[in-house]
Amino acid sequence: NAGVTQTPKFQVLKTGQSMTLQCAQDMNHEYMSWYRQDPGMGLRLIHYSVGAGITDQGEVPNGYNVSRSTTEDFPLRLLSAAPSQTSVYFCASSYAGGAYGYTFGSGTRLTVV
Amino acid sequence: TQLLEQSPQFLSIQEGENLTVYCNSSSVFSSLQWYRQEPGEGPVLLVTVVTGGEVKKLKRLTFQFGDARKDSSLHITAAQPGDTGLYLCAGAHGNKLVFGAGTILRVKS
């Protein structure tokens, strides 16, 4: 049981480049979320999904796109990378959100130069 | 603006001491969760509290949810170096889980 798998683990991008951060879970969880973690700011919600075909914006959605075509996968797309998007990105999944708790991946450290 | 305010931001204590971390908000949450995160890893769920006034114990850790479901506390008894890490509270708000900024705990031996 792999849990939540994020790839890549590290990535360096040039300003203006685009890329997709991959997230997959094998627990048949309906809820999936993307967070970014910056020093002193905890985790901030970027986008989330409550099931295949359903996505919604979190606190800091600008510059990011998501889609959820399957229960297992929830990729995060950076459309045109900016230095302000340098951060550690975490994907998380939950059976039904709320009281069920979330399982997190080990993160992707992204640097935009 | 953080929906959840955590305090203190940083705590450095000696092994064997007790400590309490606080998580406060003006919003009501359907549940509140506590996570622990180590460097280079994702947060790991410690506990979820759902009912106002609920108290849960996990070995030396005691978690409490406020009566009005707006705040929570984490108390550690006789801290050990293995407790060192970043402690995060998170509140379920509709379909979203929002986090506090975290408390960095360092326990010195």
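Please refer to the structure placed before this passage.
Residues numbered from 1 in each chain as written. Chains lettered and ligands numbered in written order. Predicted model: local features only at pLDDT ≥ 70, side-chain atom pairs only at ≥ 80, totals over all residues. Heavy atoms only, no water.

Draft legend 1. Highlighting the state of the cysteines. Considering all chains together, one arrives at two disulfides over all chains under this definition. Between the sulfur atoms of Cys-23 of chain A and its disulfide mate Cys-91 of chain A the distance is 1.9 Å. Here Cys-23 of chain A and Cys-91 of chain A share a disulfide; its torsion about the S-S bond, -70 degrees, makes the bridge left-handed. Of the two residues, Cys-23 of chain A is situated in strand β3 (residues 19-25) and Cys-91 of chain A in strand β9 (residues 87-94); the sequence distance between them amounts to 68 residues. The disulfide partner of Cys-23 of chain B is Cys-89 of chain B, and the S-S distance across this bridge is 2.0 Å. (Disulfide = S-S within 2.5 Å. Helix = DSSP H or I, 4+ residues; strand = E, 2+ residues; numbered from the N terminus.)

Draft legend 2. Main features of the sheet that holds strand β1 (residues 4-7) of chain A. All names here are of chain A. As summarised here, the arrangement of the four strands in space is β1-β3-β8-β7, forming an open sheet in which the pairing is antiparallel. In this open sheet, the two strands that pair with only one neighbour each are β1 and β7 (64-66). Taking the axes of each pair of neighbouring strands and ignoring which way they run, one obtains an average angle of 20 degrees across the sheet. As judged from the three bridges shared by β3 and strand β8 (residues 76-78), these two strands associate in the antiparallel manner. Bridge pairing in β8 links Leu-21 to Leu-76. (Pairing = 2+ DSSP bridges. Axes fitted to C-alpha atoms, helices over the stretch in contact; angles between N-to-C directions.)

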